[in-house]
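Structural overview
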Amino acid sequence: MAIKKNTELKFNDKAFTIVLAGPPGVGKTTLALSAPKPLLIDFDKGIARVRAEHRQLTAEEDSYDEFLADLESDEYKECETIILDTGGSLVQLMQPWARANDQKAARDGRAMFGVIKSEFLRLTAQLRNDGKNVVIIFHTTEVQKGDTVMTRLSCEGSVKDIVWTPADLGGTISIRGKKRIINFSPTEESFGKGCYGIRGEIEIPELAAGTPNKFLSDLFDKARANIAKEQAEFGSMKMIYDETLAQGSAIIGAIKDAESATAAVAKLGNLNHALTSKAELSGKLQTKVKELGLKWDKTVSAYVKA
Amino acid sequence: MSKLRITHSLLASYMYATDSESPDNAYDRFLWVLNRNPEPDTPAMQEGRRFEDEVTKVISGGESEDPFATEFGKLLDGATPQVRMEKTLLVSGLEWNLVGVADYIRAGTIYDTKRVQRYEYGKYQRSTQHPAYFRLCPEANKFVYLIHDGKYNYQEQYLRADTAPIEPYIMIFYEFLKTNKLFEIYKEKWEEK
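What you are looking at is a predicted structure, and each value in this text was computed from that prediction instead of being measured.

Helices and strands together make up the secondary structure of chain B, namely seven helices and six strands. Mapped in sequence order, the helices and strands of chain B form the string β-α-α-α-α-β-β-β-α-β-β-α-α. Expected size for 193 residues packed as a compact globule is a radius of gyration near 16 Å; at 17 Å, chain B falls within 12% of this value. Dimensions of chain B, computed from the C-alpha atoms along their principal axes, are close to 50 × 35 × 30 Å. Within chain B, the fraction of its 193 residues that count as buried is 49%. At a minimum sequence separation of 6, the contacts of chain B that also span at least 24 residues come to 62%.

Below is the structure:
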């Protein structure tokens, strides 16, 4: 049975999807390779730029079909993380594939990007369903918006817009002085996506010779620990929330007239509220009194006929 | 003076009017909103309402022929729709009554559906909606925009911890009204009776 109670959910082996963005030369690929047991799909042919000691299993793809074939390999099956380097180059590689596989895409550029968008969603869903961590690297470009210079993912078509939705985490890497920073929170200048207690700016440690490259592995461990902690805290709150919502819904369901509506206000206020139960029950009460044609009269602090 | 009513829509209209990249008529549209003139019911707005109604239908246990509304409706299973909220804020020495209606709330998360013609990620990054709604609902820690552009569904989420408070937006808005001699109009139209 796939359905589990809140308290039965386990996250020990949760895999993550993460977007890593930043300008060229900031160390995105090396950072991506710090994820557990990675397989680098090197669409950019940039593995040579990674220091030899940090290089890992790498597939240099010349076509999208070749990449799909590699997803059947033992190396893919055994890896824990798949790195798409870069998302922008993947989209470029998908273009001849889309034109060859879809008649409309062969004739119409917009249709081609539609096919790519669908295929990108299918591909990333497949990788997640296979239980892999997915790291998608993007170069960034700068766009002037009013007085602000904003950082955007560098990628043709609209993959750059859909990639954030299924991602658990997303960070933009920048260099400040001699420090490399990754920011998981959205700012005026760049996007970010935080979750599971991972948010804000985190300094990426300097990788001296011989230092193990494990920033993302540690980050994923921390996220899993945070999920477990949050689950324990949220689980108890959720139980109270569910109970309170049920009690409150029963109180609201019993409202028949102005008098019982007024009495319900006090009863709802006395419930043991958790999470957003108070606001939600207030919303349900508003709907109910509207149905009954009642309105709140401030002068007598009671519901009356509208 | 009584409380001054303020909504995220009014703040959004002001911010759009003062954005250098907005079209020339943005300021006129802001004045239209400031004067509480009725908004024209455009086909885009009708489509937005239709989409939201379809989502709500699915949440209520019904079926929708719109697969995108169905996807969001299933995601929102158990959520409470149309929650009206208000809160009194003291900003710049004045009492403001911040008012808003959340499309959906469930277990600590506020959801808002957006039916748009064109979407790019980050569209709502500068929106005043999530700062305003986090203020209205202090128990909520996450705000999720559920966006549909006619072809795809998207999500943009914002956490309370990453979100600036709404008060500075109101402060700047108030200064703008005073500087441009619009405060009396605002007071006349938005002061609560």
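The next subject is the interface of chain B and chain A. Contacts between chain B and chain A engage 28 residues on the former and 35 residues on the latter. Of the roughly 2,800 Å² buried between chain B and chain A, counting both surfaces, carbon and sulfur atoms make up 50%. Across the contact surface, chain B and chain A share one salt bridge. The partner of arginine 199 of chain A in a salt bridge is aspartate 162 of chain B, and the shortest N-O contact between them spans 2.8 Å. On inspection of chain B and its partner chain A, the count reaches 17 residue pairs in polar contact (both at pLDDT 80 or more). At the level of secondary structure, the elements contributing two or more residues to the side of chain B that touches chain A comprise β2 (80-91), β3 (94-106) and β6 (153-159) of chain B. The greatest single-element share of the side of chain B that touches chain A, amounting to five residues, is contributed by β6 of chain B. Among the residues making up the side of chain B that touches chain A, the classes are represented as twelve nonpolar, eight polar and eight charged.

As a further point, take a positive patch on the surface. On the surface, a cluster of positive charge is contributed by Lys104, Arg107 and Arg110 of chain A together with Lys151 of chain B. For lysine 104 of chain A, the location among the structural elements is in helix α5 (residues 103-107).

So, about helix α5 (residues 129-136) of chain B. The buried count for α5 of chain B comes to seven of eight residues, which makes it a mostly enclosed element. Buried within α5 of chain B we find Gln129, His130, Pro131, Ala132, Tyr133, Phe134 and Leu136 of chain B.

The next point concerns the packing of helix α1 (residues 8-17) of chain B against helix α6 (residues 167-179) of chain B. Residues and elements named next belong to chain B. For the pair α1 and α6, the least separation of the axes is 11 Å and the interaxial angle reads 60°. Considering their axes alone, α1 and α6 lie oblique with respect to each other. The interaxial crossing formed by α1 with α6 has left-handed handedness. When α1 is examined against α6, the residues Leu10, Leu11, Tyr14 and Met15 are found in contact with a partner set consisting of Tyr169, Ile170, Ile172, Phe173 and Phe176. When the residues that make up the contact of α1 with α6 are grouped by side-chain class, the tally is nine nonpolar, no polar and no charged.

Scanning the model with the defined rule gives 22 salt bridges over all chains in all. Notably, a salt bridge pairs glutamate 203 of chain A with lysine 179 of chain A, separated by 3.9 Å at the nearest N-O pair. Of this pair, glutamate 203 of chain A sits in strand β9 (residues 201-204) while lysine 179 of chain A sits in strand β8 (residues 179-183), and the two are 24 residues apart along the sequence. Each member of the salt-bridge network shares a partner with another, and the members are Glu47, Arg50, Asp66 and Arg115 of chain B.

With that settled, consider the pairing of strand β5 (residues 142-148) of chain B. Residues and elements named next belong to chain B. Of all seven residues in β5, six are buried; the element is thus mostly enclosed. Bridge count for strand β4 (residues 109-115) against β5 is seven bridges, and the pairing is parallel. When the sheet's bridge partners are listed, threonine 109 is paired in β5 with lysine 142. Regarding the hand of the β-α-β motif, the stretch spanning β4, α5 and β5 is right-handed. Bridge analysis of β5 against β6 gives seven bridges, and the strand direction is antiparallel. Of the residues in β6, the one forming a bridge with phenylalanine 143 is tyrosine 158. What sits between β5 and β6 in their antiparallel hairpin is a turn of four residues, with glycine 150 showing a positive phi close to 100°.

All names here are of chain A. Residue threonine 86 is bonded to the preceding aspartate 85 through a cis peptide linkage, with omega at 0°. Among the structural elements, threonine 86 can be located in the loop between β4 (81-85) and α4 (87-101). Look at lysine 37: it is not a glycine, yet its phi comes out positive at around 40°. Note that lysine 37 resides in the loop between α1 (28-32) and β2 (38-42). With a phi angle near 55°, tyrosine 196 is a residue other than glycine that sits in the positive phi range.

With 83 residues, the main nonpolar core has Ile82 and Leu84 of chain A together with Phe30, Trp96, Phe173 and Tyr186 of chain B as its most contacted residues. Ignoring anything within four residues of it in the chain, the contact list for phenylalanine 30 of chain B reads Leu10, Ser13, Tyr14, Ala17, Phe173, Phe176, Leu177 and Leu182 of chain B.

Our next topic: the environment of threonine 80 of chain B. Mapped onto the elements, threonine 80 of chain B comes out in strand β2. Placed 20 residues apart in sequence, threonine 80 of chain B and serine 60 of chain B show a C-alpha to C-alpha distance of 9.6 Å. Setting aside anything within four residues of it in sequence, one finds threonine 80 of chain B in contact with Glu280 and Lys284 of chain A together with Asp103, Tyr104 and Ile105 of chain B. At a separation of 2.9 Å, a polar atom in the side chain of threonine 80 of chain B contacts the side chain of glutamate 280 of chain A. A distance of 3.4 Å separates polar atoms of two side chains, one belonging to threonine 80 of chain B and the other to lysine 284 of chain A.

The next thing to look at is the packing of α4 of chain A against helix α6 (residues 109-129) of chain A. All names here are of chain A. Relative orientation of the contacting elements α4 and α6 amounts to 115°, with a least axis distance of 9 Å. Classified by the angle between their axes, α4 and α6 sit roughly perpendicular to one another. Considering only the axes of α4 and α6, their crossing is right-handed. Between α4, through Leu90, Val91, Met94, Gln95, Trp97, Ala98 and Arg99, and α6, the contact on the second element is made entirely by Met112, Phe113, Val115, Ile116, Glu119, Phe120 and Leu123. In the contact of α4 with α6, the residues fall into eleven nonpolar, one polar and two charged.

The rules behind each value
Residues numbered from 1 in each chain as written. Chains lettered and ligands numbered in written order. Predicted model: local features only at pLDDT ≥ 70, side-chain atom pairs only at ≥ 80, totals over all residues. Heavy atoms only, no water. Helix = DSSP H or I, 4+ residues; strand = E, 2+ residues; numbered from the N terminus. Rg over C-alpha atoms; globule rule 2.2 N^0.38 Å. Buried < 20%, exposed > 50% of the residue type's maximum accessible area, 1.4 Å probe, protein only. Contact = heavy atoms within 4.5 Å. Buried area = accessible area lost by both parts, 1.4 Å probe. Salt bridge = Lys/Arg side-chain N within 4 Å of Asp/Glu carboxyl O. Polar contact = N/O pair within 3.5 Å; in protein donor to acceptor, adjacent residues only side chain to side chain. Nonpolar A, V, L, I, M, F, W, Y, C, P; charged D, E, K, R; others polar. Patch = residues over 30% accessible without salt bridge, like charges linked within 9 Å, V, L, I, M, F, W, Y side chains within 5 Å. Areas by Shrake-Rupley, 256 points an atom, 1.4 Å probe, with all protein chains shown as cover. Lys, Arg positive; Asp, Glu negative; His and termini not counted. Charge placed at Lys NZ, Arg CZ, Asp CG, Glu CD. Axes fitted to C-alpha atoms, helices over the stretch in contact; angles between N-to-C directions. Parallel < 35°, antiparallel > 145°, perpendicular 65-115°, else oblique. Left-handed = near helix turned anticlockwise from the far one by under 90°. Pairing = 2+ DSSP bridges. Right-handed = clockwise from strand over helix to strand, strands pointing away. Core = buried A, V, L, I, M, F, W, Y, C linked by side-chain atoms within 4.5 Å.

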